[in-house]
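A look at the structure
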Amino acid sequence: MRATLRTYFRLLAAGFRRGSAYPLAALGGLVANATFGLLKVGILFATVEAGGGTVGGYDAGTMSAYIWLSQGLLGSVNLFGRTAVADRIKNGDIAVDFVRPLDVQAASVTTEVGTRLFALLPRGVPSVLLGVLLVGMSMPTTPLPYALGALSVLLGVVLSCTTVYLVAVSRFWLVEGRGVEMLYMVLSGFLAGLFVPIPLFPGWLRAVAGATPFPSMLQVPVDVLSGRVDLPTSAGLVGVQLAWLALTVVLGAVLTRAGRARLEVQGG
Amino acid sequence: MSATTGVRPGAAWRAVLAARTAPYRAVLASRVRAQRSYRTSFRLDLLGSALVGLVELAEVWVLFHSVGRIGGLDLAQVLLVFGLADLAFSVADLAFGHCDDLATMLRLGTLDVFYLRPQPLLLQLVTSDISLRRVARAAVAVAAVVAGLLVNDVPPTPRTVALLVVALLSGVAVSAAMFVLAAGIQFFVVDGAEMTNAFVYGGRYASTQPASVWSRPVKAAFVFVFPVAFAGYLPVVSLLGLTGSPWLPAWLGWCAPLAALWAWALALLAWRVGVRHYQGGGG
Amino acid sequence: MQGDVGEPVIETEGLGREFRVRDGLRRRTVVAVDGLSVRVGAGEAVGYIGANGAGKSTTIKMLVGILVPTRGSVRTCGLRPVQDRRRLVRRVGVVFGQRSQLWWDLPVRESFAILASIHGLSPDRERSRTDELVERLEMGAYWTTPVRQLSLGQRMRAEVAAALLHSPDLVILDEPTIGLDVLSKQRLREFLVTERRAHGTTLLLTTHDMGDVERLCERVLLVDHGRLAYEGTLAGLSRTVGVERVLVVDLAEPGPDLVTVPGARHLGSEGGGLRQRFAFDAEVTTAAKVLAAVSEQVEVVDLSVEEPDVEDVVRRVYAARR
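About the thresholds
- Residues numbered from 1 in each chain as written.
- Chains lettered and ligands numbered in written order.
- Predicted model: local features only at pLDDT ≥ 70, side-chain atom pairs only at ≥ 80, totals over all residues.
- Pairing = 2+ DSSP bridges.
- Helix = DSSP H or I, 4+ residues; strand = E, 2+ residues; numbered from the N terminus.
- Axes fitted to C-alpha atoms, helices over the stretch in contact; angles between N-to-C directions.
- Parallel < 35°, antiparallel > 145°, perpendicular 65-115°, else oblique.
- Left-handed = near helix turned anticlockwise from the far one by under 90°.
- Contact = placed C-beta atoms within 7 Å.
- Nonpolar A, V, L, I, M, F, W, Y, C, P; charged D, E, K, R; others polar.
- Expected span 1.5 Å × (residues − 1).
- Buried ≥ 20, exposed ≤ 12 C-beta atoms within 10 Å, placed from the backbone.
- Core = buried A, V, L, I, M, F, W, Y, C linked by C-beta atoms within 7 Å.
- UniProt positions renumbered as here; feature names shortened; annotations may be inferred.

Residue and element names in this part refer to chain C. Pairing is mixed across the open sheet formed by six strands, whose spatial order is β6-β7-β8-β4-β9-β10. At either end of the open sheet lies a strand with only one pairing partner, and these are β6 (92–96) and β10 (227–232). Within the sheet, the average angular offset between the axes of one strand and its neighbour, ignoring direction, is 15°. Note: strand β9 (residues 219–224) against β10, five bridges, orientation antiparallel. Residue pairing for β10: L221 is matched across the bridge by E231.

As a further point, take the packing of helix α2 (residues 23–50) of chain A against helix α3 (residues 60–73) of chain A. Residue and element names in this part refer to chain A. In the contact formed by α2 and α3, the axes pass within 10 Å of each other and the chain directions differ by 155°. In terms of their interaxial angle, α2 and α3 are classed as roughly antiparallel. Crossing angle aside, the handedness with which α2 passes α3 is right-handed. Facing N33, F36, G37, K40, V41, L44, F45 and V48 of α2, the residues of α3 in contact are A60, M63, S64, I67, W68 and Q71. When grouped by side-chain class, the residues that make up the contact of α2 with α3 number nine nonpolar, four polar and one charged.

Below, the discussion takes up helix α6 (residues 104–118) of chain A. With 15 residues, α6 of chain A extends 22 Å from end C-alpha to end C-alpha; this agrees with the ideal 21 Å at 1.5 Å per step. Residues of α6 of chain A that are buried include every one of V104, Q105, S108, V109, T110, T111, E112, V113, G114, T115, R116 and F118 of chain A, and no others.

Turning next to the sheet that holds strand β13 (residues 275–280) of chain C. Residue and element names in this part refer to chain C. The four strands lie next to each other as β12-β13-β11-β14, forming an open sheet whose pairing is antiparallel. The open sheet terminates on both sides in strands that have one partner only, identified here as β12 (264–270) and β14 (300–306). In this sheet, adjacent strand axes meet at a mean angle of 20° when their direction is disregarded. Here six bridges tie strand β11 (residues 245–251) to β14, and the two strands are oriented antiparallel to one another. Paired with L251 across the strands is V300, a residue of β14.

Of all hydrophobic cores here, the largest spans 147 residues; its most connected members are L84, V174, F179, V180 and F222 of chain B. Non-local contacts of V180 of chain B, meaning those with residues more than four positions away in its chain, are made with F96, C99, A267 and W271 of chain B. L15, A54, V74 and L204 of chain C belong to the second-largest nonpolar core, a separate cluster that totals 75 residues.

The next point concerns the interface of chain A and chain B. At the interface, 32 residues of chain A touch 33 residues of chain B. Only α2 and α9 (178–192) of chain A provide two or more residues apiece to the side of chain A that touches chain B. If one sorts the elements of the side of chain A that touches chain B by residue count, α2 of chain A sits on top with 16 residues. A class-by-class count of the residues in the side of chain A that touches chain B yields 22 nonpolar, eight polar and two charged.

Moving on: the interface of chain B and chain C. With 18 residues of chain B in contact, the opposing surface of chain C contributes 24 residues. Within the residue set of the side of chain B that touches chain C, elements represented by two or more residues are α1 (8–37), α5 (111–115) and α12 (256–282) of chain B. The element that contributes the greatest number of residues to the side of chain B that touches chain C is α1 of chain B, accounting for six residues. Of the residues in the side of chain B that touches chain C, the class split is nine nonpolar, seven polar and two charged.

Residue and element names in this part refer to chain A. Under the UniProt annotation, the feature "transmembrane region" (unreviewed entry) is placed at residues 21–45, 65–81, 120–140, 146–170, 182–205 and 235–255. The span residues 146–170 shows a helical share of 96% and a strand share of 0%, and its end C-alpha atoms are spaced 36 Å apart. Secondary structure across residues 182–205 divides into 58% helix and 0% strand, with the first and last C-alpha atoms of the span separated by 21 Å.

Before going further, it helps to examine the arrangement of the chains. Out of two pairs of chains that touch, the pair holding the most contacts is chains A and B. The smallest C-alpha distance separating chain A from chain C is 12 Å, and no contact links them.

Here it is, written out as structure tokens:
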């Protein structure tokens, strides 16, 4: 068991390195992040102003924190719905992965998480710094929200990878697996609170978003890290993240096993 | 010569045009056939495309619904901004969207094949594909425009029609120019193609917003350098007779054709420099 | 002797191309083509060979206007490739090994219809030329099959036909037989021979296959680090580097090593002498003579002749130059 743990750690490191192989791509991502960030500042600050200084519990400072933290996480949370493993399932290479003494789901998610975590360095941190320097933002002054926030960010990144893995394994059954990817891409950003913070949603839409794992990928880590919600609430939100993570992992494991069985019956 | 030959120059001109455009029409027709032959896939693409438009509309709605009026516009007015801008972008995306793939073509070396054909490179690239599925998103935008015209009680005068036509044609031209500009830059940053998303997709996002909310640098960027504000906000201010905002007087909407010319000048320059760089050994 | 067959179709003078590449943080200059001066006359068939990275592809890209030379001059069909690209490509057909000019999701027939339109062929011309190519390259069987479903051999024939559709004066083929089976290679070579005979097409060919050069080319240009290392006939090249062909014979029964075959050198044997290998110089003797000499001593049941490998020739030339 210890040997396999080391293997997964290597996969994580390999994913991390894969991210570092394209520095220009990271720079490109940062430029796009910053542009979208400034546009969000324009429209969302105007919204706060129109609300008479606060809207949905946000003032200018917390809105800025929401904007730049969410922009910073954009490169690390998978809101596109595509992964390498989907292609391997589609073209049948997955059969090779099944004969390896590694859990296909764990290996795929681990590598993906490694790459995504790397993006925090060239895209995440600079985006937040840009926000601090250009616009300014309210951040907590005590260490605890940061610790809890770091955990929540990690959980958000991993949750996005385990959820996208579910999208990928749907390819075992669906010829047009692209449809699920597309649906994920269209809905995830909106329901994760990427362009409009979820507290601004009307009640029923907030309920719809809450019934999906998407808020736990972006809105929750941002809320916890920025200290917009108090510590007990933060702890509760992290608990919700953990629940979604457990659910997606179990579902992924079941679907992987079923997909493998299907592969063995049909011979790929 | 005789009276009967009076119609000939026109016919001859049409024949020349037909011959000149035949290669492009042949490629495009084959692309259309190919997309329509995969029916399930195509329907799914249409659905996805429509959904993208709807979700983007929903984002605007949620925001304006929460406070009523942002940057001097209410929900009804911003509906028109969104509709016009998204219609322009969808149409441009339909015809020019695949210019985004240039980075992949450069990496695989498939662009070289275009060099072996006796047509201009850019025309070949633009006419090498067409994304019919974008009509679904354009349809959402058309619905938004129609709804916007109705709820704002826009009078059906020649002035309205003229402004709408000017805004739409210029908006499509500006958005298309952004795709070409991005393609030109991709010759330099093959690995960093995402950089060009900043003004192609950032531009799309910007074009659906009231430009009055932007800070000065953002205004400078998206009104005067990448002039996407001419696709939505500025013509709507002219159309509805609203008061302008700092830097952006109400008559500016009528200048959309100038913005389109500027955007294309910028795009063609970038393309030219990009091709030079490629031939100089960027690949 | 060379190049005066007719007007030069390809003419380069001190042609050179450097690339600036990023090596970590530093930038350094790599010379891909280094002062190449060659002439290829109308109707000639020339093999352009060299190791990977010797500058072959870079040269071809400069010949058709994809790359701008950093020094020297180049004229293809009497035109300046970069400035006159659109006029030039009406007279040149190119097959780049792995870069398809066909539409992968369309039937072969449709790709050809589009290409005919791109090259502005008249309907009559399109029909006659297409019929000719389909027949000569035996494409009828897969004429309506989507390109993505073709085998490698079928696809390569279609690629060559596509490059020749507009009846170019000059055809440039970059590794046209790579990965093909013996039969496909054979068909392609036979086609190119007939095509040249019928239309007087000039041919420039890069290849790793000595069989291609032997059967198709009258003349060889060999590049090494972007410089011309040899120019002349293939026989002359073999002579310079002393490349030998190899005759392999299978005997009816095992026997002792036949070390006394005139004009041939015994290389070795397998299976206790059941299979024996002889090297001989094609300039001095022939495979038939060697075989006859062997047959005088033992009973031969099967035989094959191994051609010298281009790689091997190239390696020997390079070694001799250093």
